[in-house]
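# Structural features, examined
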Amino acid sequence: MVNMVFGGGEVTTARAAQALVIMVSTIVAVAVFWIFLSYWSLADRARAQRFTAGITEIGRKLFLNRLRPLGAAKKAYTDDDISEFHWTNGLPPTEEESPLWVQARDNDWEGLTITLRDDINDVETQLTVDDLRKLPRHSYVATHTCMQGWSATSRWTGVRLTDLMDVLGPRPEGARYLLAESYGLAQKMYDNRPREPFYAAIDLETMAEEESILAYERNGHPVDNHLGGPARLRVESNHGYKHVKWVSRIMWIHDYADYGDGRGGTREDSALQAFNGRI
């Protein structure tokens with residue numbers, strides 16, 4: 001203990017006792033601080049999220065936010081790297097959660113539509129899966145890396161979000177974000193209120209990236225039901241909680257503060273992640 005605390009020197013009973021007191025006091029102080037911090041953060045998760053997100057965003061602005069995906073210039077992965085299995089989080093909508101989605105699933109997606117909406121000017125249109133396939137196709141190979149420790153490489157095919165929203169015409173003045181909502185419900189709500197449709201918002205710069213698409217194929221086949229079929233968001237520069245599965249509608253919005261609990265998505269509202277989902 002003398003060596004650990006003082007870095008060496010004469011070993012005497014007095015110095016050993018002093019080292020022991022310092023070591024035990026430090027351990028106790030750390031334990032007390034950890035317990036306090038646990039109670040403080042759990043007492044108000046939204047407050048803890050604002051604090052931690054604000055601190056980490058400083059480092060993100062200095063280092064991470066300036067990085068951009070390579071898009072077509074990326075040559076790291078090919079079809080030879082595709083994974084045999086792709087894990088997922090969450091389960092497809094049930095009959096109770098979304099009877100429309102379940103009925104359409106059982107009828108080869110007949111009758112299912114995805115709504116494109118300009119929430120600023122109250123304009124919207126609806127597309128079927130067949131309509132999506134008529135829009136310009138975009139395909140790439142990417143590795144999905146989850147914060148839970150697993151990864152999988154797939155070829156995703158779909159329509160770029162920029163091309164998709166062009167269906168509504170020019171981007172409305174005042175639009176600052178794109179919000180996607182799911183036919184599926186959140187696994188659990190922050191305050192244990194009834195579960196609501198899962199949603200996530202992204203900024204326009206992220207939306208315009210080459211690998212931000214509404215995907216309807218994975219590895220040359222329709223997107224698996226458990227992976228978000230018939231169409232799911234892929235935002236490769238961001239973590240998976242931005243990749244909304246079982247998409248029901250996509251909207252131009254002015255400010256995500258006007259939706260949900262105002263933090264930018266279901267996971268953000270639950271104080272589990274920050275709005276900035278960039279990997």
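Residues numbered from 1 in each chain as written. Predicted model: local features only at pLDDT ≥ 70, side-chain atom pairs only at ≥ 80, totals over all residues. Heavy atoms only, no water.

### Overview of the overall build of the chain
The secondary structure content of the chain amounts to eight helices and 10 strands. Taking 19 Å as the expected radius of gyration for a compact globule of 279 residues, we find that the chain reaches 24 Å, considerably beyond that expectation. Residue burial in the chain is summarised as follows: out of 279 residues, 41% are buried. Of all intrachain contacts in the chain linking residues separated by at least 6 positions in sequence, the fraction that spans at least 24 positions is 64%. Of the roughly 15,400 Å² of accessible surface on the chain, 56% is carried by carbon and sulfur atoms. A gap of 6 Å separates the mean positions of the 31 positive and 38 negative side-chain charges of the chain. (Helix = DSSP H or I, 4+ residues; strand = E, 2+ residues; numbered from the N terminus. Rg over C-alpha atoms; globule rule 2.2 N^0.38 Å. Buried < 20%, exposed > 50% of the residue type's maximum accessible area, 1.4 Å probe, protein only. Contact = heavy atoms within 4.5 Å. Areas by Shrake-Rupley, 256 points an atom, 1.4 Å probe, with all protein chains shown as cover. Lys, Arg positive; Asp, Glu negative; His and termini not counted. Charge placed at Lys NZ, Arg CZ, Asp CG, Glu CD.)

### Digging into the packing of aromatic side chains
If you walk through the whole model with that rule in mind, you get six aromatic pairs. Between W40 and F51 the ring centres are 6.0 Å apart and the planes differ by 85°, which places this aromatic pair in the edge-to-face class. With a gap of 11 residues between them, W40 in helix α2 (residues 13-43) and F51 in helix α3 (residues 45-64) connect regions that are remote in the sequence. W40 sits in the partly exposed class, given a relative accessible area of 25%. The interplanar angle of 25° and the centroid separation of 4.3 Å between the aromatic rings of Y256 and F275 together place this pair among those described as stacked. Taken together, the positions of Y256 in the loop between β10 (247-253) and α8 (266-269) and F275 in the segment after α8 put the pair 19 residues apart, joining distant regions of the chain. Judged by its relative accessible area of 17%, Y256 is buried. Linked through ring pairs, Y177, Y256 and F275 together constitute an aromatic cluster. (Phe/Tyr/Trp six-rings, centres within 6.5 Å; stacked < 30°, edge-to-face > 60°.)

### Overview of the layout of surface pockets
For the largest pocket, the calculated volume is near 720 Å³. In this structure, the largest pocket is lined by 36 residues; those nearest its centre are N89, G90, Q187, F198 and K245. Broken down by secondary-structure element, the contributors of at least two residues to the lining of the largest pocket are β5 (177-185), β9 (232-235) and α8. No other element matches the three residues that β5 contributes to the lining of the largest pocket. For the lining of the largest pocket, a count of residues per class yields 13 nonpolar, 16 polar and seven charged. The space that makes up the second largest pocket amounts to roughly 400 Å³. Lining the second largest pocket are 15 residues, with P69, K74, E236, S237 and I279 positioned closest to its centre. It is strand β3 (residues 138-145) that provides the largest number of residues to the lining of the second largest pocket, a total of three residues. Split into classes, the residues belonging to the lining of the second largest pocket amount to seven nonpolar, three polar and five charged. (1 Å grid on protein atoms, 1.4 Å probe; cavity = no way out; pocket = protein on both sides within 12 Å on 5 of 7 lines; lining within 4 Å. Points joined across faces, edges and corners; volume = space filled by probe spheres on them. Nonpolar A, V, L, I, M, F, W, Y, C, P; charged D, E, K, R; others polar.)

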